[in-house]
Amino acid sequence: MKKELLYIGIGILFAGFSACGDFLEEKPRDQIHEEEAYQDATNLYLNTVATLYTHIGGDTYSQGLQGTYQGVYDLNTFTTDEAIIPTRGGDWFDGGLWQGLFLHKWGTKNDALLATWEYLYRVIVLSNRSLEVLEAHRSVLTEGEYNAYYAEVRAFRAMYYYYLFDLFGHVPLVLSSDTPMKEVLQSRRSDVFRFVVDELQEVLPFLSRQRSNRFGEYYGRVTRPVAWFLLAKLALNAEVYTHDNWTDGNRPEGSNIYFTIEGEQLNAWEATIAYCDSLERRHRLSETYEENFAIFNESSVENIFIIPMDKNLYRNQMQYLFRSRHYNHGKALGMVGENGSSATIEALQTFGYDSETVDPRFEMCYYAGVVRDLKGDAVPLDNGDILTYLPWEVKLDLSGTAAEKTAGARMKKYEIDPTSSKDGKLMDNDIVLFRFSDALLMKSEAKVRKGENGDAELNRVRARVGAASREATLENILAERQLELAWEGWRRQDLVRFGLFTRAYNSRPQLPGEENGYTTVFPIPENVLILNPNLSQNPGY
C-alpha cells in the first residue's frame, strides 16, 4: 500500500468550487508518514480531531469564527443597526466594502462573502476527511475512544454547517472529502437545519460533560454544553431555518415545529427551554459582567465556548479592539489603533447613552467622551487637544466633517492586556463565542413566544449589572440582547428572527424590494455559481 504523506494543522484548502474541480488540495507542512500519524489513539486524535481546532481562530482575513476581519463576525455585525465602520476620509472605504455591508448592497461578487463561504466549507471538508480517517483506523481505538472522537468531529462539523446555512440559506450538504464537483448538489435550508439538529442530538451522549472554557483536556473543545447551546439556538431560530422561501412572508410557527428530546416531542419553544435548562446544570452567571472578558477569563463560570488566546502559544488574533480605537488611543496604551468601528445611533438609543437612565453596561462595552490611558490621564491628539469620542456624530461617511476622526463610541468590552503583542492583537483574553447569559435570554424569549412569563430569566441578567427590572416583552428582550451581547456577533441573527433586519435605520435606507426579506440571507457567491451549474442563486439576487 502506498504511504501517504500527512501533515498536522492547517494547509488543506477547500477547492470544491474552484477551477480545478477538486475538493482538496493538500499543501503539506510538517509531513509525517501515515503509520506514525495514526499508529495509536493519541496520534490519531491529534491528527484527526485536535487539528480541526486550529481553524476556529485565525490571523488572516475571513478566517476563524471571530477575531479577524471580513468573515463570519463582520457579516453578522456590520450589516446591522449595532455597529458601523464609517468612511473617514481616506480611511475605511476599502472599495466600498464597509458601506456596502451596512447598506445591504453587498452584491454577488463580494470578496468577503466568497472568502467566508470558502473558509466554512474548507473546515467542513477537513472534518469529513477526519471522519474518514477515524473510520479507516478504527482498529487502534477502543470502542469508547472511537465513539468519543467520532462524535466530537461530527459535532464540530455540525457547528460549521450551522454558521453556513445561517448565512447563506440553501447550501450543498457535503459529507465526503472527495465528492466530485459534478455531484455536488444544493440542499434546502430546512434540510441542512434538520441534518445539524440530528447530528448534534445523536452525538450528545458521547460528548464530554466537561467545561470547554477551562484549562485542561477539554479547553476550547466542543463538549456537551457547547452542543446544548447550539441546539437551543437552532430551536429558537427554527421558524427562520425551516422557512425555505423566506421572501414569501409565510414563516412557519414555532409551535408547530417539533424536536424529539429524550423520547418526548417538544415544539421549538419547549425545545429551546429544555436545552437552556440543560445548560443551567453546568453554567451560571458570573458575579460580574466584566470577568467574562478579563485578561485571564478561563475561570468564568458563564462562558460556554471560547477561542483560546495565548500570545505565546497560538496564532489566533483579536483584531476588533485594535480596529476600533483612535490611533492616539492605541498609542497611549502601548499598542496601535485603526480608528474604525463604532456604535450606531440606534445602539446609543437602546443603551440610553447621555441620559439619566443609561444602562450600566454602556461603560463596560464602549469608550465615549474624553479618552484616558491606563493611568487615568487624558490622551492628547497630535495638535495638543484632548482626544474625545463623539458618539452622536457618527454616520456612514464622515469624510470632511469636523468629527471625521473622532465620531463614534468605540469598542471596549475586553479588558486591556498591557502585555499584548502585535499592536494589541495577540492577547491573553479568550474570545467569547457562547455565554450562559445568552441562554437565559433565549429561555426568556421562548417562554414569551410560548405565552408564558419570561420575567425571571430576563431580570436575572439585568440584576447582575444593577439594571432595574423590566417586563419580558419581545421588544424588551430584543433590546436586552443588544445591551447584554453588544459586540458579540449575534445582532444580525436576532434582527432576522424578530423581522427587523431589513428595516431602514439611521444612515441606512431600505433597499427597493427589501421588505420581502431577501437580504436576510446572503447570496451564493457568483464565482461559486459559475463553477458549479448545479447550484442556484438565493431569491432576490
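Bear in mind that the values here come from a model prediction, so they are computed numbers and not experimental data. (Residues numbered from 1 in each chain as written. Predicted model: local features only at pLDDT ≥ 70, side-chain atom pairs only at ≥ 80, totals over all residues. Heavy atoms only, no water.)

Caption draft 1: Representation of the overall build of the protein within the structure. Looking only at helices and strands, the protein features 19 helices and 16 strands. Across the 541 residues of the protein, 62% fall into the buried class. Only carbon and sulfur atoms are counted for the fraction: they give 48% of the accessible area of the protein, which is about 20,600 Å². The averaged location of the 77 negative side-chain charges in the protein is 1 Å from the averaged location of its 56 positive side-chain charges. (Helix = DSSP H or I, 4+ residues; strand = E, 2+ residues; numbered from the N terminus. Buried < 20%, exposed > 50% of the residue type's maximum accessible area, 1.4 Å probe, protein only. Areas by Shrake-Rupley, 256 points an atom, 1.4 Å probe, with all protein chains shown as cover. Lys, Arg positive; Asp, Glu negative; His and termini not counted. Charge placed at Lys NZ, Arg CZ, Asp CG, Glu CD.)

Caption draft 2: Structural detail: the nonpolar core. Ranked by size, the top nonpolar core spans 154 residues in total, and within it Met-159 and Phe-434 carry the most contacts. The element that contributes the greatest number of residues to this core is helix α6 (residues 143–168), accounting for 16 residues. Among the nonpolar cores identified, the runner-up in size contains eight residues, and Met-335, Leu-387, Tyr-389 and Ile-416 belong to it. (Core = buried A, V, L, I, M, F, W, Y, C linked by side-chain atoms within 4.5 Å.)

Caption draft 3: Seen up close, the packing of helix α8 (residues 224–236) against helix α15 (residues 436–449). Running from N to C, α8 and α15 cross one another at 30°; their axes reach a closest spacing of 11 Å. Taken together, the axis directions place α8 and α15 in an arrangement best described as roughly parallel. As α8 packs across α15, the resulting crossing turns out to be left-handed. Where α8 abuts α15, its residues Phe-229, Ala-232, Lys-233 and Leu-236 lie against Asp-438, Ala-439, Met-442, Glu-445 and Ala-446. (Axes fitted to C-alpha atoms, helices over the stretch in contact; angles between N-to-C directions. Parallel < 35°, antiparallel > 145°, perpendicular 65-115°, else oblique. Left-handed = near helix turned anticlockwise from the far one by under 90°. Contact = heavy atoms within 4.5 Å.)

Caption draft 4: Up close: the confidence of the model for the protein. Averaged over every residue, the pLDDT of the protein is 93; residues scoring 70 or more account for 93%. In this model, residues 1–30 is a region of pLDDT below 50 whose contacts with residues beyond four sequence positions or in other chains number 85 contacts. (pLDDT = per-residue confidence, 0-100.)

Caption draft 5: Region of the structure containing the packing of aromatic side chains. Tallying each qualifying case throughout the model produces 37 aromatic pairs. Ring centres of Tyr-53 and Phe-156 lie 5.1 Å apart, and the angle between their planes is 75°; on these two criteria the pair is classed as edge-to-face. Here the residue Tyr-53 occupies a position in the loop between α2 (41–48) and α3 (72–77), and Phe-156 occupies one in helix α6, the gap between them amounting to 103 residues. With relative accessibility at 1%, the residue Phe-156 sits in the buried group. Between Tyr-73 and Tyr-320 the ring centres are 4.1 Å apart and the planes differ by 20°, which places this aromatic pair in the stacked class. Of the two residues, Tyr-73 sits in helix α3 while Tyr-320 sits in helix α11 (residues 320–324), which places them 247 residues apart along the sequence. Here Tyr-73 matches Tyr-320 in class, with each residue buried. (Phe/Tyr/Trp six-rings, centres within 6.5 Å; stacked < 30°, edge-to-face > 60°.)

Caption draft 6: Layout of the packing of α6 against helix α7 (residues 189–203). For the pair α6 and α7, the least separation of the axes is 9 Å and the interaxial angle reads 155°. Relative to α7, the element α6 is oriented roughly antiparallel. The crossing of α6 and α7 is left-handed. Here Ala-151, Arg-154, Ala-155, Arg-157, Ala-158, Tyr-161, Tyr-162, Phe-165 and Asp-166 of α6 come into contact with α7, specifically with Arg-189, Val-192, Phe-193, Phe-195, Val-196, Glu-199, Leu-200, Glu-202 and Val-203. A class-by-class count of the residues in the contact of α6 with α7 yields 12 nonpolar, no polar and six charged. (Nonpolar A, V, L, I, M, F, W, Y, C, P; charged D, E, K, R; others polar.)

Caption draft 7: Main features of helix α5 (residues 111–136). For α5, built from 26 residues, the straight-helix expectation of 38 Å at 1.5 Å per residue is met to within 8% by its first-to-last C-alpha distance of 37 Å. Within α5, 20 of the 26 residues are buried, leaving the element largely enclosed by the surrounding structure. Capping the start of α5, Asn-110 holds a side-chain oxygen 2.8 Å from the backbone nitrogen of Ala-112, two or three residues further along. (Expected span 1.5 Å × (residues − 1). Polar contact = N/O pair within 3.5 Å; in protein donor to acceptor, adjacent residues only side chain to side chain.)

Caption draft 8: Quick look at helix α17 (residues 474–484). The element α17 is largely enclosed, with a buried count of eight among its 11 residues. Burial in α17 covers these residues: Ile-477, Leu-478, Ala-479, Glu-480, Arg-481, Gln-482, Leu-483 and Glu-484.

Caption draft 9: Region of the structure containing the pairing of strand β16 (residues 431–435). Within β16, five of the five residues are buried, which leaves the element mostly enclosed by the surrounding structure. The sheet contact formed by strand β10 (residues 303–307) and β16 spans four bridges and is antiparallel. Opposite Ile-306, over in β16, you have Val-432 as the bridge partner. (Pairing = 2+ DSSP bridges.)

Caption draft 10: Region of the structure containing the side chain of Arg-157. Here Arg-157 is to be found in helix α6. For Arg-157, a relative accessible area of 6% puts it in the buried group. In contact with Arg-157, other than residues within four places in its own chain, are Ile-124, Ser-127, Asn-128, Leu-131, Leu-175, Phe-195 and Glu-199.

Caption draft 11: Quick look at the pattern of salt bridges. For the structure shown, the criterion picks out 40 salt bridges. A salt bridge links Arg-361 to Glu-484, with the nearest nitrogen and oxygen atoms 2.8 Å apart. Separated by 123 residues along the polypeptide, Arg-361 in helix α14 (residues 361–365) and Glu-484 in helix α17 bring together distant segments of the chain. Note on accessibility: Arg-361 and Glu-484 belong to one class, buried. (Salt bridge = Lys/Arg side-chain N within 4 Å of Asp/Glu carboxyl O.)

Caption draft 12: Quick look at the pairing of strand β9 (residues 264–267). Pairing of strand β8 (residues 258–261) with β9, which is carried by four bridges, proceeds in the antiparallel orientation. Each residue of the ladder has a partner; that of Ile-261, found in β9, is Glu-264. Between β8 and β9, which follow one another and run antiparallel, lie two residues, and Glu-262 among them has a positive phi close to 50°.

Caption draft 13: Summary view of the environment of Lys-311. Mapped onto the secondary structure, Lys-311 falls in the loop between β10 and α11. Along the backbone, Lys-311 and Met-442 are 131 residues apart, and their C-alpha atoms lie at a distance of 33 Å. When near neighbours in sequence (up to four residues on either side) are disregarded, Lys-311 contacts Asp-417, Thr-419, Ser-420, Ser-421, Leu-426, Met-427 and Asp-428. A distance of 2.9 Å separates a polar atom in the side chain of Lys-311 from a polar atom in the side chain of Thr-419.

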